[in-house]
Amino acid sequence: MAKSPHDHASRDAARPPREARHGAGAPPGGQDGPRGGEARVRVTVCGARGSTPSPGPEHLRYGGHTSCVALAHDGELPSLVLDAGTGIRRLTPVFDGHAFTGAIVFGHLHWDHTQGLPFFAAADRPDSQVDVYLPAQGDPVEVLARTMSPPHFPITPEQLRGTWRFHALEPGAHDIAGFRVLAREIPHKGGRTFGYRIEDGPRSIAYLSDHCPTVLGAGPDGLGAYHEAALELARGCDVLFHDAQYTDDELAARADFGHAAAGYAVRLGEEAGARQVLLFHHDPPRTDDAIDALVASYAGARVPVAGASEGLVIDLPSGTGG
Ligand SMILES: [Zn+2]
Ligand SMILES: [Zn+2]
């Protein structure tokens, strides 16, 4: 039975104490701190790689850590984390000794989105307060423990230190950590997968990290259907994070792996009126130079296109639309 996501997460409960907010500093690789008095949302990319970590000298600029994106209300520490790929390790220094208070929301449960969870030190400590949400598919602790328990891993989710609550999330609109979170089921492969739209007032991001739109048809360009769930999530958003594992040319031979081509991500952004597209979930062997070339190939798109890179910090609205 799915539990209501409203049980535990309220805006006030999920916010760190005010004194904690000022010690945060900029995340590693980030930009300067917030400008005085300007309300905004800070989005930090902690991991942008797909499938499996891929460290190495050819991957320094976009990074080798797997999927993790953190959101913070104006001037506060991050309180909403999308996915817990290995990139979540980068988030602990942002907390500068403070415990994490907030929510971790999984789009789905493949390794590249979960394996960082027990390594998020700011959350694995006695004074943390963590609400974990995953697409409803039975008891959330049991589902997560299938990959996180002996003999696969030394401890279970419930053995993490601090106060952890695990929630089964249904599609629809939810209030999580003071953000409006719209969840929609999207096609991927091997397990229930949600795409998300996260709103804080007028600011919004869409997050479709793993998406296989060809399941719903070839669409007008052969890259997959521009279906209603994807359009709804991305409509008019400030930043669209989207699966761009493959080039358009690679897609045909690899469509069975459950991912999207970069051209789909860009066109979805155009069709939905997104203000910026960030190509995300980079194929493990894709080098920095290859991602640069992929991004450059969309210089003529009707929406600005960039590659999501580890350490990227975007302050909305000032960091978008350029
Ligand atoms: Zn993935
Ligand atoms: Zn996946």
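Rules and cut-offs
Every chain begins its residue count from 1, and numbering advances along the sequence as written. Going through the entries in the order they are written, you letter the chains from A and number the ligands from 1. Only residues with pLDDT of at least 70 get local features here, since the model is predicted, and only at 80 or more are side-chain atom pairs given and counted; chain-wide, interface and lining totals rely on the full set of residues. Water and hydrogen atoms play no part in the side-chain values, which are based on all heavy atoms of the structure. Coordination here is defined by N, O and S atoms within 2.8 Å of the metal (3.2 Å for Na, K and Ca), and since water is not considered, a site can look incomplete. Strands are runs of DSSP state E lasting at least two residues, helices are runs of H or I lasting at least four, and both sets are numbered from the N terminus onward. The classification of residues rests on relative accessible area computed with a 1.4 Å probe and restricted to protein chains. Under 20% of the type maximum is buried, over 50% is exposed, and intermediate values are partly exposed. What makes a salt bridge here is a side-chain nitrogen of Lys or Arg within 4 Å of a carboxyl oxygen of Asp or Glu, nothing more. Should DSSP find at least two bridges between two strands, the strands are taken to pair. Convention adopted: a line fitted to C-alpha atoms gives each axis, helices being fitted over their contacting stretch, and angles between N-to-C directions are expressed from 0 to 180 degrees. In this text, buried Ala, Val, Leu, Ile, Met, Phe, Trp, Tyr and Cys residues form a nonpolar core when linked through side-chain atoms within 4.5 Å. By the convention used here, residues are in contact when the closest approach between their heavy atoms is within 4.5 Å.

**Let's talk about the coordination of the zinc ion (ligand 2)**
Metal coordination angles in their ideal form are 109.5 degrees for the four-donor tetrahedron and 90 or 180 degrees for the six-donor octahedron.
Piece 1. Ligation of the zinc ion (ligand 2) by protein atoms is provided by H108 (NE2), H110 (ND1), H188 (NE2) and D210 (OD), these donors lying 2.1 to 2.6 Å from the ion.
Piece 2. Here the donor residues for the zinc ion (ligand 2) map to a single chain with the spacing H-x1-H-x77-H-x21-D.
Piece 3. For the pair the zinc ion (ligand 2) and the zinc ion (ligand 1), the metal-to-metal distance amounts to 3.4 Å, and D210 bridges them. Of this pair, H188 sits in the loop between β8 (179–185) and β9 (194–200) while D210 is found in the loop between β10 (203–208) and α5 (228–234), placing the two residues 22 residues apart along the sequence.
Piece 4. The class of H188 is buried, set by a relative accessible area of 11%.

**Some details on the pattern of salt bridges**
Piece 1. Evaluation of the coordinates by the stated rule reveals 23 salt bridges.
Piece 2. One salt bridge in this structure joins E199 and R180, with 3.7 Å as the shortest N-O distance. A residue pair is termed long-range when its members are at least 10 positions apart, and E199 in strand β9 and R180 in strand β8 qualify at 19 residues.
Piece 3. On the accessibility criterion, R180 (38% relative accessible area) is partly exposed.

**Describing the sheet that holds strand β12 (residues 277–280)**
Piece 1. One open sheet holds the seven strands; their spatial order is β7-β8-β9-β10-β11-β12-β13, and the pairing between them is mixed. Of all strands in the sheet, those with a lone pairing partner are β7 (172–176) and β13 (305–307), marking the two edges. In this sheet, neighbouring strand axes are inclined to one another by 20° on average, regardless of whether the strands run parallel or antiparallel.
Piece 2. Relative to β8, β7 runs antiparallel, the two being bridged by five bridges.

**Quick word on the nonpolar core**
Piece 1. Within the largest apolar cluster, 33 residues are counted, with the highest numbers of intra-cluster contacts made by L208, L240, L268, V277, L279 and V305.
Piece 2. Elements that contribute at least two residues to this core include exactly β10, α5, α7 (262–272), β12 and α8 (288–296).
Piece 3. Non-local contacts of V305, meaning those with residues more than four positions away in its chain, are made with V266, V277, L279, V295 and Y298.
Piece 4. Among the nonpolar cores identified, the runner-up in size contains 29 residues, and V41, A103, V181 and L278 belong to it.

**Brief notes about the pairing of β8**
Piece 1. Counting the residues in the hairpin turn of β7 and β8 gives two residues, including A177, whose phi is positive at 55°.
Piece 2. As paired elements, β8 and β9 share six bridges and run antiparallel to each other. Looking at the pairing, R184 lines up with G195 of β9.

Shape descriptors only; they carry no functional weight alone.
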